[in-house]
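For reference, the chains in residue letters:
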Amino acid sequence: MHTLVAVAALTTLLAGASTTSYAASRGEAAHGAGTTVAMAEAAAAKAAAARKAPTPRIVQPGEHVVAAPGFEFWLTEEGKHWMEPDLPDFPQFRSVVDGNIDRSRPGVSLQASAFEGRYYLSGVYYGGKGTASRVAVRTSTGTVHGKLLELPGKPGWGVWYAIADLPAADDGEEFLRGVTVLDTKGGVYSQLRLR
């Protein structure tokens, strides 16, 4: 007898219960809940995009990466090493430990070499918040996208590189406008403005 009374009381309670949470969970938001659902969906979409965003290629110390014939990189704990097509017998080096850069603040460097109508571009990026994702180089003819390299772990710096066709009427002086390294959320990791 007590069970029947309890079931009857529960049935009466549920009959008058609100279905707002059920409707909201199915995407049929009740009055006022639509904004909350839309905001949650937007936040979830942004988080999913960040998870899918590219990250730097991780290379081992001394591992050579060939970006193009004669354009080659390798990283060590001391910094960036590279060769350019116009100087194949003269490897170059940019230190990240000699005090020339302040890795505690965001920054990006640029080295450029013109050879046979192309610009071979590269540099070191460092000090930004989050995870570097991609690099964009602004030029007088548009934006060129490059690639990123980092050593394993969290070194606090990496190398970017790109190749651009140099306009026939341009000697390179006015060609480069700036370099921006973006993070996985689409924000600025580090930036160099030239013009």
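Residues numbered from 1 in each chain as written. Predicted model: local features only at pLDDT ≥ 70, side-chain atom pairs only at ≥ 80, totals over all residues. Heavy atoms only, no water.

> Can you break down the pattern of salt bridges residue by residue, with the values?
Pairing between side chains becomes possible if they bear opposite charge and their charged atoms approach one another. Taken as a whole and assessed by the stated rule, the structure comprises 3 salt bridges. Across the pair Asp165 and Arg118 runs a salt bridge whose closest N-O atoms are separated by 3.4 Å. With Asp165 in strand S12 (residues 157-165) and Arg118 in strand S8 (residues 118-126), this pair connects stretches of sequence that are 47 residues apart. Looking at Arg118, the relative accessible area reads 35%, which means it is partly exposed. (Salt bridge = Lys/Arg side-chain N within 4 Å of Asp/Glu carboxyl O. Helix = DSSP H or I, 4+ residues; strand = E, 2+ residues; numbered from the N terminus. Buried < 20%, exposed > 50% of the residue type's maximum accessible area, 1.4 Å probe, protein only.)

> I'd like a description of the sheet that holds strand S9 (residues 132-139), backed by residues and values.
Reading across from one edge, S10-S9-S13-S14 is the order of the 4 strands in this open sheet, with antiparallel pairing throughout. Since the sheet does not close on itself, it has two edges, and those belong to strand S10 (142-145) and strand S14 (188-193), each with one partner. Each adjacent strand pair in this sheet contributes to an overall mean axis angle of 20 degrees, direction not counted. (Pairing = 2+ DSSP bridges. Axes fitted to C-alpha atoms, helices over the stretch in contact; angles between N-to-C directions.)

> Please give an account of the pairing of strand S13 (residues 176-183) that cites residues and values.
In terms of burial, S13 is a largely internal element, 7 of the 8 residues being buried. For S9 and S13, the ladder comprises 7 bridges, and the chain directions are antiparallel. Looking across to S13, one finds that Thr139 is bridged to Leu176. Examined bridge by bridge, S13 and S14 share 5 bridges and lie antiparallel to one another.

> Tell me about the side chain of Ser122, residues and numbers included.
Tracing the backbone shows Ser122 in strand S8. Given the relative accessible area of 1%, Ser122 is considered buried. Here Lys80 takes part through its side chain, which lies 2.6 Å from a polar atom of the side chain of Ser122. When near neighbours in sequence (up to four residues on either side) are disregarded, Ser122 contacts Phe71, Phe73, Lys80, Trp82, Ser109, Leu110, Gln111, Trp160 and Tyr161. (Polar contact = N/O pair within 3.5 Å; in protein donor to acceptor, adjacent residues only side chain to side chain. Contact = heavy atoms within 4.5 Å.)

Remember that the coordinates give geometry; whether it matters functionally is a separate question.
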